[in-house]
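Descriptive analysis of the structure
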Amino acid sequence: MPALNRYVLVGVVVFCLSLLATIGLLAMRLEATFTKLGAAQATLEEALATSNENAKSLKRLADAAERDGKVTAALAADVAKLTGQSQKLQAQIRALAEENEDVQTFLRVPVPDALRRVLERRGTTEDGNVHALDAGSTGTSLP
Amino acid sequence: MPEALVQACPKPGGALPTAGALVDELGATRLALDTCAAQVDKSRAWRENEQALLDAEAQSATK
């Protein structure tokens, strides 16, 4: 009987040791899993932050495009209105020229050659504005 | 800045044989000036608006 007890005792000790080893191994794996989980969570949070930042950028771009569209449309409306006014003015002048002989006569008055050459020769100066070129360079001169 | 706001201003010009042509040129020049002025006004308004938005964004970021 004592020999049997000794075998049982050894078996129990071996079982306990293997149980402890298994628990230790599981604990190590669990810790490694938690580490991986933490890293994955950090990556996920980083991706989420990037995604949020991208969404904000897209919204900013969309808002800017909307504002740009509005200002472009407003400018186009202004230009259309101005063009309409200009066309109306031109039509008034044409109508006036047809019904008023003085106006018609004036509109047909030829521009003196010297003045015409100066006016027709224009250039852009360094300040970006268009000016009549120096009359001396054209060979004509104003009185 | 929107493309429409940075387009080159129109510069009318052409042959001026008669006073009528001068009158036409005057009309075209007025239209060009008005068009360019509208463009400048819109550009200024656009810039001020964008600056205000940037300032507001910077203020909210510091809070």
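About the thresholds
Residues numbered from 1 in each chain as written. Chains lettered and ligands numbered in written order. Predicted model: local features only at pLDDT ≥ 70, side-chain atom pairs only at ≥ 80, totals over all residues. Heavy atoms only, no water. Helix = DSSP H or I, 4+ residues; strand = E, 2+ residues; numbered from the N terminus. Buried < 20%, exposed > 50% of the residue type's maximum accessible area, 1.4 Å probe, protein only. Areas by Shrake-Rupley, 256 points an atom, 1.4 Å probe, with all protein chains shown as cover. pLDDT = per-residue confidence, 0-100. Contact = heavy atoms within 4.5 Å. Buried area = accessible area lost by both parts, 1.4 Å probe. Salt bridge = Lys/Arg side-chain N within 4 Å of Asp/Glu carboxyl O. Polar contact = N/O pair within 3.5 Å; in protein donor to acceptor, adjacent residues only side chain to side chain. Nonpolar A, V, L, I, M, F, W, Y, C, P; charged D, E, K, R; others polar. Core = buried A, V, L, I, M, F, W, Y, C linked by side-chain atoms within 4.5 Å. Disulfide = S-S within 2.5 Å. Expected span 1.5 Å × (residues − 1).

Let's shift gears to the overall build of chain B. In terms of helices and strands, chain B carries one helix and zero strands. Scored against the burial criterion, the 63 residues of chain B give a buried share of 30%. For chain B, the accessible area works out to roughly 4,000 Å², and carbon and sulfur atoms hold 58% of it.

The subject of this paragraph is the confidence of the model for chain A. All names here are of chain A. Mean pLDDT over chain A: 85, with 84% of residues reaching 70 or higher. For chain A, strand S2 (residues 130–132) is the element with the lowest average pLDDT, namely 49, and helix H2 (residues 101–107) is the one with the highest, namely 95. Here residues 124–128 is a poorly scored stretch, pLDDT under 50, and it has five contacts once near neighbours within four places are set aside; other chains count. pLDDT under 50 marks residues 131–143. Its contacts with residues more than four places away, or in other chains, come to 20 contacts.

Once that is clear, we can look at the interface of chain A and chain B. Size of an interface, as often reported, equals the accessible area lost when the parts are brought together. If you look at the interface, chain A gives 28 residues, while chain B gives 30 residues. Between chain A and chain B, a total of about 2,200 Å² is buried, with carbon and sulfur atoms accounting for 65% of that surface. Considering only the surface of chain A that becomes buried against chain B, A:Arg67, A:Leu75 and A:Leu82 emerge as the three largest contributors, covering 23% of it. On the surface where chain A and chain B come into contact, there are three salt bridges. In this structure, the salt-bridge partner of A:Arg67 is B:Glu50, at a minimum N-O distance of 2.7 Å. Linking chain A with chain B are eight residue pairs in polar contact (both at pLDDT 80 or more). Elements supplying a minimum of two residues to the side of chain A that touches chain B: helix H1 (2–99), H2, helix H3 (113–120) and strand S1 (122–124) of chain A. A total of 15 residues in the side of chain A that touches chain B trace back to one element, the largest contributor, which is H1(A). Here the side of chain A that touches chain B is built from residues that sort into 14 nonpolar, six polar and eight charged.

On to the nonpolar core. In this structure, A:Val71, A:Leu75, A:Leu82, B:Ala4, B:Leu5, B:Ala38 and B:Trp46 together form the largest nonpolar core, which totals seven residues. Breaking this core down by element, the ones donating at least two residues are H1 of chain A together with helix H1 (19–62) of chain B. No other element matches the three residues that H1(A) contributes to this core. Those residues in contact with B:Ala4 that sit more than four places away from it in its chain are A:Thr72, A:Leu75 and B:Gln39.

Residues and elements named next belong to chain B. Enumeration according to the criterion identifies one disulfide over all chains in this entry. Each disulfide pairs two cysteine sulfurs, and for Cys9 the partner residue is Cys36, the sulfurs being separated by 1.7 Å. Here the disulfide of Cys9 and Cys36 is right-handed, its torsion about the S-S bond being about 60°. Of the two residues, Cys9 sits in the segment before H1 while Cys36 sits in helix H1, which places them 27 residues apart along the sequence. Assessed through its relative accessible area of 30%, Cys9 is described here as partly exposed.

Tracing the backbone through its elements, the reader meets B:Leu5 in the segment before H1. Relative accessible area serves as the criterion here: at 5%, B:Leu5 is assigned to the buried category. Along the chain, B:Leu5 and B:Trp46 lie 41 residues apart, while their C-alpha atoms are 9.1 Å from each other. Ignoring sequence-local partners within four residues, the contact set of B:Leu5 consists of A:Val71, A:Leu75, B:Gln39, B:Lys42, B:Ser43 and B:Trp46.

By the element assignment, A:Val103 lies in helix H2. The spatial distance from the C-alpha of A:Val103 to the C-alpha of A:Ile93 is 8.7 Å, given a sequence separation of ten residues.

Time to look at H1(A). For H1(A), with 98 residues, the first-to-last C-alpha span of 143 Å sits near the 146 Å given by 1.5 Å per residue. Within H1(A), the full set of buried residues consists of A:Val71, A:Leu75, A:Leu82, A:Ser86, A:Gln90 and A:Ala97. Looking at the buried side of H1(A), the elements it contacts are H2 of chain A together with H1 of chain B.

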